[in-house]
Amino acid sequence: MDEEIGVPPISEVWLATHGFVNENGSQDFHDSESSRIYEEMQRIENQPKDSNEPIANPDDVLKEVCGTKSGYVRGRGLGYIARKKGVAISTANNDQVAELRRQVAEMTDRIQMQERLHKEFLERLDSMHNGFQFTNSQVDSDNM
């Protein structure tokens, strides 16, 4: 499982969606093609990696094993377009993530400021209310 984002390897997802437990209690597949794809995914995911090489992306593994058709990754459903390899796209995604994090931090600061102002307002309102009650009680005692 990818520790950073909690995504299981694509081979585990494939096994869960294309496999079943037979009467002997062991894992099996509905057809030989599903079994072949699972084994290929396992091979790719378990390949030794250099220390500077990133962990296999589930989408890249699926793209490599199942291929693409008209730019779409097979086995991913309609509408999922294969991402292109390259630094420019990775940098663009990193820039987008950084911008979104900046916006979240800004909004968090604004919310905290609003909460502080709201608390101050409620404290003032409460002190005014208490002062009003004190004044009314003095007026009532003067009238008696």
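Look up: the structure comes first, before these words.
Below is a short write-up of the structure. Only a predicted model underlies this, so the values are computations on that prediction, with no experimental measurement involved.

Regarding its fold elements, the protein chain presents 4 helices and 4 strands. Scanning the protein chain from its N terminus toward the C terminus, one meets helices and strands in the order α-β-β-α-α-β-β-α. Expressed as a percentage of the 144 residues in the protein chain, the buried residues total 13%. The long-range share in the protein chain, meaning contacts at least 24 apart out of those at least 6 apart in sequence, stands at 26%.

What follows covers the packing of helix α2 (residues 32-45) against helix α3 (residues 58-66). Two numbers describe how α2 lies on α3: the axes approach to 10 Å, and their chain directions differ by 130°. Classified by the angle their axes make, α2 and α3 are oblique. Classified by chirality, the crossing of α3 by α2 is right-handed. Judged by residue contacts, Ile37, Glu40, Met41, Arg43, Ile44 and Glu45 of α2 engage Val61, Leu62, Glu64, Val65 and Cys66 from α3. Residues of the contact of α2 with α3, tallied by class, amount to 7 nonpolar, no polar and 4 charged.

Here we come to the packing of helix α1 (residues 10-18) against α2. Where α1 contacts α2, the axes come no closer than 9 Å and their chain directions differ by 165°. Between α1 and α2, the angle is such that the two are roughly antiparallel. Note that α1 runs across α2; the crossing there is left-handed. Packed against α1, whose contacting residues are Ile10, Ser11, Trp14, Leu15 and His18, the element α2 presents Ser34, Ile37, Tyr38, Met41, Gln42 and Glu45 at the interface.

Once that is clear, we can look at the nonpolar core. Ile10, Trp14, Phe29, Ile37, Tyr38, Met41, Ile44, Val61, Leu62, Val65, Cys66 and Val73 form the largest nonpolar core, which has 12 residues in total. Mapped by element, the contributors of at least two residues to this core are α1, α2 and α3. If sequence neighbours within four positions are ignored, Tyr38 has contacts with Ser11, Trp14, Leu15 and Phe29.

Turning next to α1. Working note: α-helix, 3.6 residues per turn, so residues spaced by three or four point in the same direction. Along α1, the residues that are buried comprise Ile10, Ser11 and Trp14. Each buried residue of α1 sits inside an arc of 100° when the element is viewed along its axis, so together they form one side. Contact partners of the buried residues in α1: β1 (19-21), β2 (27-29), α2 and α3.

The next subject is the pattern of salt bridges. Pairing is possible between side chains that carry opposite charge, provided their charged atoms lie close to one another. Per the counting criterion, the structure on display carries 5 salt bridges. Put simply, Glu99 and Arg102 hold a salt bridge, and the shortest N to O gap is 2.6 Å. Placement of the pair is Glu99 and Arg102 together in helix α4 (residues 87-143), with a separation of 3 residues, close to one helical turn. Across the pair Glu106 and Arg102 runs a salt bridge whose closest N-O atoms are separated by 2.9 Å. Note that Glu106 and Arg102 are positioned in helix α4 at a spacing of 4 residues, about one turn of the helix. Exposure remark for Glu106: the relative accessible area of 36% places this residue in the partly exposed category. By sharing partners, the salt bridges in this structure join Glu99, Arg102 and Glu106 into a single network.

Rules used throughout
- Residues numbered from 1 in each chain as written.
- Predicted model: local features only at pLDDT ≥ 70, side-chain atom pairs only at ≥ 80, totals over all residues.
- Heavy atoms only, no water.
- Helix = DSSP H or I, 4+ residues; strand = E, 2+ residues; numbered from the N terminus.
- Buried < 20%, exposed > 50% of the residue type's maximum accessible area, 1.4 Å probe, protein only.
- Contact = heavy atoms within 4.5 Å.
- Axes fitted to C-alpha atoms, helices over the stretch in contact; angles between N-to-C directions.
- Parallel < 35°, antiparallel > 145°, perpendicular 65-115°, else oblique.
- Left-handed = near helix turned anticlockwise from the far one by under 90°.
- Nonpolar A, V, L, I, M, F, W, Y, C, P; charged D, E, K, R; others polar.
- Core = buried A, V, L, I, M, F, W, Y, C linked by side-chain atoms within 4.5 Å.
- Arc of directions from axis to C-beta.
- Salt bridge = Lys/Arg side-chain N within 4 Å of Asp/Glu carboxyl O.

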